[in-house]
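Listed below are the residues making up each chain.
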Amino acid sequence: MKRILLVLLAVVLVNTVSMGQGIYFDKSYESALAKAKKWERGVFIDVMTSWCGPCKQMEKNVFPQVKVGQYFNNNYVSLKIDADKGEGPMIAKKYGVNSYPTLIFLDKNGNFVHKVTGGLSAERLIHEAKQSSSPEAKKLRVLTEKYKSGDMDDSEILDYLKLLKQVELDYSTVFGEYFKGLSNKEKRSLNTFTLMRKYITRYDEYPFGYLINNYKKYRKIVDRDELDQYMYSKLTFATYVNEREGKSNALMYKKLEEAKIPVSAYVKENYALVKMVKDPAKRNEFIERGKQLFKNCKHAYSVLLNEAVKEAISDKKLEAFCKQSLLDFAKLNKTRAAHSCTSLAYLFILNARDNASALKYYELAVKIDPNVVEGGYVKSNMDYCKKSLGLVKCDNYGETAPAFTLMGVDGESVSLNDYKGKLVLIDFWASWCGPCIGEIKYLKEAYAKHKNDNIEFISISTDKDKMNWKKAINKHGMSWLQLLDDDKTSKDYKVRGIPRIMLIGKDGKIVADELRGEAIEREIKKVL
């Protein structure tokens with residue numbers, strides 16, 4: 001009888017949670033899988049990062065909604081995974097996550113069912129959850145099992161590839177295996193080339209290598225310009241990947257030369273423009289050539305907006321050209337122009353710490369296409385820029401800063417109350433956080449100028465590994481007060497992402513928040 005009462009009490013508690021709040025998130029992947037199997041529910045995984053704008057928007061505005069909680073708490077075991085921490089990288093790799101947030105749905109046995117990326121509204125999130133039981137999702141599960149067993153005919157493999165691409169799972173590996181099984185005659189057919197265009201994602205995959213080595217034979221069955229444009233798109237992406245990973249492109253181009261591939265004028269012209277825009281000495285030449293190309297809208301988007309925007313944050317003349325090109329391109333395709341505009345804005349935040357310019361381009365993007373804010377991250381980033389520039393007050397402006405007592409580097413306890421009557425700068429950061437490391441330069445400059453003034457600098461790390469925390473402090477020369485977060489403090493300060501830098505006035509109230517770059521020094525001067 002006592003056991004029955006306990007079970008009934010547990011059911012009541014679960015239902016109370018689902019009715020009275022938003023989504024309840026479990027603590028670990030293994031725990032979520034075990035509960036899902038036991039309770040015969042699906043698994044919902046929110047793969048996010050601390051620096052992701054749409055992730056913050058969903059955490060703040062979507063997951064807490066009662067109707068979302070009611071649906072998910074009654075149908076799923078939910079799990080929130082930070083892709084940068086703990087088991088996060090493993091799960092992100094397992095499910096092919098490369099953008100955030102990625103929302104994953106599994107069945108009660110932990111098998112993949114459905115995936116969607118980007119910030120969603122409450123209604124859309126519930127809709128996507130219901131889609132996870134759709135006929136397409138069930139078909140994907142069946143085909144996955146057949147593929148694992150090795151018992152698939154060609155038509156089923158093609159159906160499987162199509163479904164994998166729809167849900168953004170790894171389809172290129174499956175296509176690579178399929179391609180290897182074809183005869184040379186089948187590989188060099190027009191039908192297979194059409195499939196290659198759909199399912200090859202990288203230049204270093206086997207099918208693309210086969211294409212390079214058999215270039216002349218493909219030219220007999222594929223239109224020359226079509227073939228070269230396809231190869232150029234793959235090689236442009238390869239160039240970007242190599243640069244991002246610190247690799248040289250020399251070997252790639254040497255391979256093309258060895259294969260004696262006579263690249264067309266299209267490829268030569270575009271590659272020459274890419275090299276021009278990356279060379280400050282040739283920017284004027286690029287701009288003049290770009291203007292001529294744009295008149296005919298020839299390759300305008302791929303060259304002018306993809307390549308030039310990457311360099312525009314460090315070249316005012318190029319930036320002005322990009323801005324005009326964005327406006328011109330908006331007349332032809334406002335959606336793509338608006339998204340290029342938001343890319344430029346984000347580069348100003350991430351690489352230049354220039355939130356004023358970032359806000360300018362976000363506002364331009366919204367002007368070009370108001371629908372660009374639907375994803376959530378644009379509004380979130382615009383709000384961040386406005387707060388950092390002092391155009392709007394931060395969420396907790398004027399609130400009394402929560403008290404805390406935390407451990408310092410040498411194990412000593414430090415309390416905020418120790419600094420009553422002083423201006424206090426608090427910096428929430430972590431050793432693994434790239435944007436946080438980028439702010440250290442500005443913190444060091446401000447500290448050097450004001451360490452003898454009536455202000456205390458306090459960095460609070462959210463690191464879980466103390467050794468990494470201490471190594472980063474020494475590596476970056478952070479000579480001011482360093483404390484370690486206890487989880488409660490960051491929650492008390494409503495920290496949903498880092499870096500988070502704020503100022504506490506002499507009266508103990510928060511007077512500035514969301515500070516980055518030069519805004520740190522500017523706000524300190526205001527208050528001092």
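In the block above lies the structure referred to throughout.
None of the values given here were measured: they were computed from a predicted structure. (Residues numbered from 1 in each chain as written. Predicted model: local features only at pLDDT ≥ 70, side-chain atom pairs only at ≥ 80, totals over all residues. Heavy atoms only, no water.)

Asks: Would you mind showing me how to read the nonpolar core here?
Replies: Across soluble globular proteins, you tend to see nonpolar side chains buried next to one another. The biggest cluster of nonpolar side chains holds 47 residues, and the ones touching the most others in it are Ile-45, Tyr-95, Phe-175, Met-196 and Leu-211. Ranked by residues supplied to this core, first place goes to helix 8 (residues 154-166) with 5 residues. Formed by 45 residues, the second largest nonpolar core is a distinct cluster that contains Phe-404, Leu-443, Leu-503 and Leu-515. (Core = buried A, V, L, I, M, F, W, Y, C linked by side-chain atoms within 4.5 Å. Buried < 20%, exposed > 50% of the residue type's maximum accessible area, 1.4 Å probe, protein only. Helix = DSSP H or I, 4+ residues; strand = E, 2+ residues; numbered from the N terminus.)

Asks: Explanation requested: the sheet that holds strand 10 (residues 481-484) in the structure shown.
Replies: Strand pairing in a sheet is mediated by backbone hydrogen bonds. Such pairs are either parallel or antiparallel. Read across the open sheet, the 7 strands follow the order 7-6-10-9-8-11-12; overall the sheet is mixed. Every interior strand has two partners, whereas the edge strands, strand 7 (413-415) and strand 12 (510-512), have only one. Strand-to-strand twist of the sheet, defined as the mean angle between neighbouring strand axes without regard to direction, takes the value 40°. (Pairing = 2+ DSSP bridges. Axes fitted to C-alpha atoms, helices over the stretch in contact; angles between N-to-C directions.)

Asks: Help me understand the sheet that holds strand 2 (residues 42-48) in this model?
Replies: Reading across the sheet, the 5 strands line up as 1-3-2-4-5 and stay open at both edges, with mixed pairing between neighbours. Strand pairing shows two members of the sheet lacking a second neighbour, strand 1 (25-26) and strand 5 (112-117), which therefore form its edges. Where helix 4 (residues 66-75) meets the sheet, it contacts strand 2, strand 3 (76-82) and strand 4 (102-106), and its direction lies at approximately 105° from that of strand 3. Strands strand 2, strand 3, strand 4 and strand 5 of the sheet are contacted by helix 6 (residues 122-131), whose axis makes an angle of about 155° with strand 5. (Contact = heavy atoms within 4.5 Å.)

Asks: Even after reading the chapter, I still don't get the pattern of salt bridges, so can you show me in this structure?
Replies: Opposite charge on two side chains permits them to pair, given that their charged atoms come into close proximity. By the definition in use, this model includes 12 salt bridges. Of the charged contacts in the structure, one is a salt bridge between Lys-80 and Asp-46, with a shortest N-O distance of 2.8 Å. Within this pair, whereas Lys-80 is found in strand 3, its partner Asp-46 is found in strand 2, the two being separated by 34 residues in sequence. Using a relative accessible area of 25% as the deciding quantity, one classes Lys-80 as partly exposed. For Lys-494, the salt bridge identified is with Glu-399, shortest N-O distance 3.1 Å. Here Lys-494 is found in the loop between helix 25 (488-492) and strand 11 (500-504), whereas its partner Glu-399 is found in the loop between helix 22 (377-388) and strand 6 (405-408), with 95 residues between them in sequence. Using a relative accessible area of 34% as the deciding quantity, one classes Glu-399 as partly exposed. What emerges from the salt-bridge pattern is a single network uniting Arg-500, Asp-513 and Glu-514. (Salt bridge = Lys/Arg side-chain N within 4 Å of Asp/Glu carboxyl O.)

Asks: Can you walk me through the environment of Cys-433 in this structure?
Replies: Inspection of the secondary structure assignment puts Cys-433 in the loop between strand 8 (423-429) and helix 23 (434-450). Residue Cys-433 is classed as buried on the basis of its relative accessible area, which comes to 2%. Placed 383 residues apart in sequence, Cys-433 and Ser-50 show a C-alpha to C-alpha distance of 8.9 Å. The contacts of Cys-433, once residues within four sequence positions are left out, are Ile-498 and Pro-499.

Asks: I keep staring at the packing of helix 8 against helix 11 (residues 190-199) and nothing clicks. Help me out?
Replies: Between two packed helices, both the angle of their axes relative to each other and the distance between the axes serve to describe the pair. Their axes nearest at 11 Å, the elements helix 8 and helix 11 cross at an angle of 25°. Classified by the angle their axes make, helix 8 and helix 11 are roughly parallel. When you trace helix 8 past helix 11, the crossing you get is left-handed. On helix 11, the residues touching Leu-158, Leu-161, Lys-162 and Lys-165 of helix 8 are Leu-195, Lys-198 and Tyr-199. For the contact of helix 8 with helix 11, the residue count by class is 4 nonpolar, no polar and 3 charged. (Parallel < 35°, antiparallel > 145°, perpendicular 65-115°, else oblique. Left-handed = near helix turned anticlockwise from the far one by under 90°. Nonpolar A, V, L, I, M, F, W, Y, C, P; charged D, E, K, R; others polar.)

Asks: Can you help me understand the environment of Ile-510 in this one?
Replies: Among the secondary structure elements, Ile-510 is positioned in strand 12. Looking at Ile-510, the relative accessible area reads 2%, which means it is buried. Note: C-alpha distance between Ile-510 and Leu-423 (87 residues apart in sequence) is 9.9 Å.

Asks: It is not clear to me how the packing of helix 9 (residues 172-180) against helix 11 should be interpreted in this structure. Could you clarify?
Replies: Where helix 9 meets helix 11, the axes come as close as 10 Å, and the angle between the chain directions of the two elements is 155°. Our classification of the angle between helix 9 and helix 11 gives roughly antiparallel. Read as a crossing pair, helix 9 and helix 11 show a hand that is left-handed. For the pair helix 9 and helix 11, the contacting residues are Ser-172, Phe-175, Tyr-178 and Phe-179 in the first and Thr-192, Leu-195, Met-196 and Tyr-199 in the second. For the contact of helix 9 with helix 11, the per-class residue count stands at 6 nonpolar, 2 polar and no charged.

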